[in-house]
Amino acid sequence: FKKLQCHLKEHSNAINAIELYSDSRHILSCSKDRSFICWDLSAQKRVSCHRQNIGTMNDVQLSHDEQAVITVGSDRCVTFWDIRQTKPVQCIANAHDADINCVELSHQTPSPMIATADTQSVLKIWDMKTYKLMTQQTAACGKINGVAFSFDDKQIVSVAQDSSIMIWNVFTM
(Lines give C-alpha, C1' and ligand atoms only; values in the text may rest on other atoms or scores of the structure.)
Protein backbone atom coordinates (compact mmCIF):
# COMPACT_ATOMS: atom_id res chain seq x y z
CA PHE A 1 0.00 0.00 0.00
CA LYS A 2 1.38 3.37 -0.91
CA LYS A 3 -1.27 5.68 0.48
CA LEU A 4 -4.92 5.86 1.43
CA GLN A 5 -6.99 7.11 -1.52
CA CYS A 6 -10.16 8.05 0.35
CA HIS A 7 -12.02 7.43 3.58
CA LEU A 8 -15.81 7.12 3.30
CA LYS A 9 -17.79 7.09 6.52
CA GLU A 10 -21.53 7.41 6.63
CA HIS A 11 -22.83 4.16 8.07
CA SER A 12 -23.68 4.40 11.77
CA ASN A 13 -22.85 0.79 12.58
CA ALA A 14 -20.53 -2.00 11.42
CA ILE A 15 -20.28 -2.64 7.67
CA ASN A 16 -20.94 -6.30 6.91
CA ALA A 17 -20.25 -6.56 3.17
CA ILE A 18 -19.19 -4.71 0.04
CA GLU A 19 -19.84 -5.32 -3.64
CA LEU A 20 -17.82 -3.82 -6.48
CA TYR A 21 -19.18 -2.52 -9.77
CA SER A 22 -17.42 -3.53 -12.99
CA ASP A 23 -16.40 0.09 -13.64
CA SER A 24 -14.15 -0.02 -10.54
CA ARG A 25 -15.56 3.39 -9.72
CA HIS A 26 -18.64 2.44 -7.70
CA ILE A 27 -19.21 0.14 -4.72
CA LEU A 28 -22.08 -0.94 -2.51
CA SER A 29 -21.73 -1.34 1.24
CA CYS A 30 -24.30 -2.85 3.61
CA SER A 31 -24.40 -2.39 7.33
CA LYS A 32 -25.90 -3.32 10.66
CA ASP A 33 -27.49 0.15 10.53
CA ARG A 34 -30.24 -1.31 8.21
CA SER A 35 -28.90 0.38 5.07
CA PHE A 36 -26.89 -0.12 1.94
CA ILE A 37 -25.07 2.75 0.27
CA CYS A 38 -23.89 3.16 -3.29
CA TRP A 39 -20.60 5.09 -3.38
CA ASP A 40 -18.78 6.92 -6.17
CA LEU A 41 -15.12 6.32 -5.37
CA SER A 42 -13.81 8.88 -7.87
CA ALA A 43 -15.95 11.68 -6.46
CA GLN A 44 -15.51 10.26 -2.94
CA LYS A 45 -19.19 10.65 -2.11
CA ARG A 46 -22.44 8.82 -1.61
CA VAL A 47 -24.60 8.34 -4.70
CA SER A 48 -27.62 6.87 -2.90
CA CYS A 49 -28.68 5.37 0.40
CA HIS A 50 -31.35 2.69 0.75
CA ARG A 51 -32.78 1.80 4.13
CA GLN A 52 -35.04 -0.99 5.35
CA ASN A 53 -37.39 -0.65 8.31
CA ILE A 54 -36.10 -3.40 10.59
CA GLY A 55 -33.09 -5.63 11.00
CA THR A 56 -29.46 -5.49 10.02
CA MET A 57 -28.24 -6.01 6.46
CA ASN A 58 -25.75 -8.87 6.48
CA ASP A 59 -24.90 -9.20 2.78
CA VAL A 60 -25.42 -7.43 -0.52
CA GLN A 61 -25.25 -8.74 -4.10
CA LEU A 62 -25.28 -6.78 -7.35
CA SER A 63 -27.08 -8.15 -10.42
CA HIS A 64 -25.19 -8.75 -13.65
CA ASP A 65 -26.72 -5.67 -15.29
CA GLU A 66 -25.73 -3.68 -12.18
CA GLN A 67 -29.21 -2.19 -11.80
CA ALA A 68 -30.68 -4.59 -9.23
CA VAL A 69 -29.39 -5.13 -5.72
CA ILE A 70 -30.25 -8.05 -3.44
CA THR A 71 -29.90 -7.74 0.33
CA VAL A 72 -30.37 -10.22 3.18
CA GLY A 73 -30.21 -9.87 6.92
CA SER A 74 -31.77 -10.29 10.32
CA ASP A 75 -35.25 -9.46 9.00
CA ARG A 76 -35.15 -12.97 7.41
CA CYS A 77 -36.18 -11.54 4.03
CA VAL A 78 -34.56 -11.57 0.62
CA THR A 79 -35.04 -8.01 -0.62
CA PHE A 80 -34.70 -6.81 -4.21
CA TRP A 81 -33.92 -3.17 -4.93
CA ASP A 82 -33.64 -1.04 -8.05
CA ILE A 83 -30.61 1.14 -7.40
CA ARG A 84 -32.51 4.10 -8.90
CA GLN A 85 -35.40 3.82 -6.40
CA THR A 86 -35.40 4.35 -2.65
CA LYS A 87 -37.90 1.59 -1.76
CA PRO A 88 -37.54 -2.15 -2.44
CA VAL A 89 -39.18 -3.47 -5.61
CA GLN A 90 -39.74 -6.99 -4.25
CA CYS A 91 -39.33 -8.82 -0.97
CA ILE A 92 -39.49 -12.52 -0.19
CA ALA A 93 -40.87 -12.25 3.34
CA ASN A 94 -39.94 -14.97 5.84
CA ALA A 95 -37.54 -16.49 3.31
CA HIS A 96 -35.76 -18.24 6.20
CA ASP A 97 -36.67 -19.10 9.78
CA ALA A 98 -33.44 -17.53 11.04
CA ASP A 99 -31.20 -14.55 10.25
CA ILE A 100 -29.88 -14.76 6.70
CA ASN A 101 -26.09 -14.38 6.57
CA CYS A 102 -25.26 -14.46 2.88
CA VAL A 103 -26.57 -14.19 -0.65
CA GLU A 104 -24.99 -15.08 -3.99
CA LEU A 105 -26.23 -14.71 -7.56
CA SER A 106 -25.52 -17.43 -10.12
CA HIS A 107 -23.38 -16.71 -13.19
CA GLN A 108 -25.89 -17.78 -15.83
CA THR A 109 -28.01 -14.82 -16.89
CA PRO A 110 -30.80 -16.53 -18.91
CA SER A 111 -32.13 -18.29 -15.80
CA PRO A 112 -30.49 -16.69 -12.78
CA MET A 113 -30.61 -18.33 -9.37
CA ILE A 114 -29.95 -16.89 -5.95
CA ALA A 115 -28.44 -18.85 -3.08
CA THR A 116 -29.11 -17.76 0.50
CA ALA A 117 -27.93 -19.29 3.77
CA ASP A 118 -28.77 -18.66 7.39
CA THR A 119 -27.63 -19.03 11.00
CA GLN A 120 -29.39 -22.41 11.35
CA SER A 121 -27.41 -24.09 8.53
CA VAL A 122 -30.17 -23.85 5.91
CA LEU A 123 -29.14 -23.25 2.30
CA LYS A 124 -31.85 -22.24 -0.18
CA ILE A 125 -31.88 -21.66 -3.92
CA TRP A 126 -34.36 -19.22 -5.45
CA ASP A 127 -35.41 -18.48 -9.02
CA MET A 128 -34.61 -14.80 -9.52
CA LYS A 129 -37.26 -14.29 -12.22
CA THR A 130 -40.19 -15.74 -10.26
CA TYR A 131 -38.86 -15.25 -6.69
CA LYS A 132 -39.91 -18.85 -5.98
CA LEU A 133 -37.99 -21.32 -3.85
CA MET A 134 -36.41 -23.99 -6.04
CA THR A 135 -34.82 -26.18 -3.37
CA GLN A 136 -33.31 -26.18 0.11
CA GLN A 137 -30.98 -28.27 2.23
CA THR A 138 -29.95 -28.27 5.85
CA ALA A 139 -26.31 -28.87 6.68
CA ALA A 140 -24.89 -30.26 9.91
CA CYS A 141 -22.35 -27.48 10.26
CA GLY A 142 -23.61 -24.58 12.36
CA LYS A 143 -24.03 -21.11 10.96
CA ILE A 144 -23.28 -20.83 7.21
CA ASN A 145 -21.09 -17.76 6.69
CA GLY A 146 -20.72 -17.66 2.91
CA VAL A 147 -21.86 -19.23 -0.36
CA ALA A 148 -20.54 -19.15 -3.93
CA PHE A 149 -21.71 -20.68 -7.20
CA SER A 150 -19.23 -22.56 -9.38
CA PHE A 151 -18.73 -20.85 -12.75
CA ASP A 152 -20.98 -23.39 -14.50
CA ASP A 153 -23.62 -22.98 -11.73
CA LYS A 154 -23.77 -26.73 -11.16
CA GLN A 155 -22.38 -26.53 -7.65
CA ILE A 156 -22.52 -24.26 -4.63
CA VAL A 157 -19.70 -24.04 -2.13
CA SER A 158 -20.59 -23.03 1.41
CA VAL A 159 -18.38 -22.18 4.36
CA ALA A 160 -19.51 -22.48 7.95
CA GLN A 161 -18.72 -21.42 11.47
CA ASP A 162 -17.56 -24.94 12.36
CA SER A 163 -14.62 -24.54 9.92
CA SER A 164 -16.19 -26.75 7.25
CA ILE A 165 -16.36 -26.22 3.51
CA MET A 166 -19.22 -28.01 1.78
CA ILE A 167 -19.84 -28.55 -1.92
CA TRP A 168 -23.43 -28.98 -3.03
CA ASN A 169 -24.68 -30.26 -6.40
CA VAL A 170 -27.35 -27.73 -7.34
CA PHE A 171 -29.54 -29.97 -9.49
CA THR A 172 -29.60 -32.91 -7.09
CA MET A 173 -30.38 -30.96 -3.92
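All of these numbers come straight from a predicted model, not from anything done at the bench.

Trainee: Please explain the sheet that holds strand β12 (residues 133-138) as it appears in this structure.
Mentor: The strands making up a sheet associate through hydrogen bonds between their backbones, and the pairing can be parallel or antiparallel. With antiparallel pairing, the 4 strands of this open sheet are ordered in space as β9-β10-β11-β12. Looking along the sheet, the strands with just one partner apiece sit at the ends: β9 (100-105) and β12. Across the sheet, the mean angle separating the axes of adjacent strands is 15 degrees when strand polarity is ignored.

Trainee: Please explain the pairing of strand β14 (residues 155-160) as it appears in this structure.
Mentor: Within a regular beta strand, the side chains point alternately toward one face of the sheet and then the other, so they alternate between its two faces. What you see with β14 is a clean split: I156, S158 and A160 sit on the buried side and Q155, V157 and V159 on the side with no burial. Strand direction decides the pairing type here: strand β13 (residues 144-149) and β14, joined by 5 bridges, are antiparallel. If you follow V147 over to β14, its bridge partner there is S158. Hairpin connection of β13 to β14: 5 residues between the antiparallel strands, including D153 at a positive phi of 65 degrees. Bridging between β14 and strand β15 (residues 165-169) involves 5 bridges; their strand directions are antiparallel. By the bridge assignment for β15, V159 is matched with I165. Hairpin connection, β14 to β15: the antiparallel pair is bridged by 4 residues, and S163 has positive phi, about 75 degrees.

About the criteria used
Residues numbered from 1 in each chain as written. Predicted model: local features only at pLDDT ≥ 70, side-chain atom pairs only at ≥ 80, totals over all residues. Heavy atoms only, no water. Pairing = 2+ DSSP bridges. Helix = DSSP H or I, 4+ residues; strand = E, 2+ residues; numbered from the N terminus. Axes fitted to C-alpha atoms, helices over the stretch in contact; angles between N-to-C directions. Buried < 20%, exposed > 50% of the residue type's maximum accessible area, 1.4 Å probe, protein only.

Read these as spatial facts, not as claims about activity.
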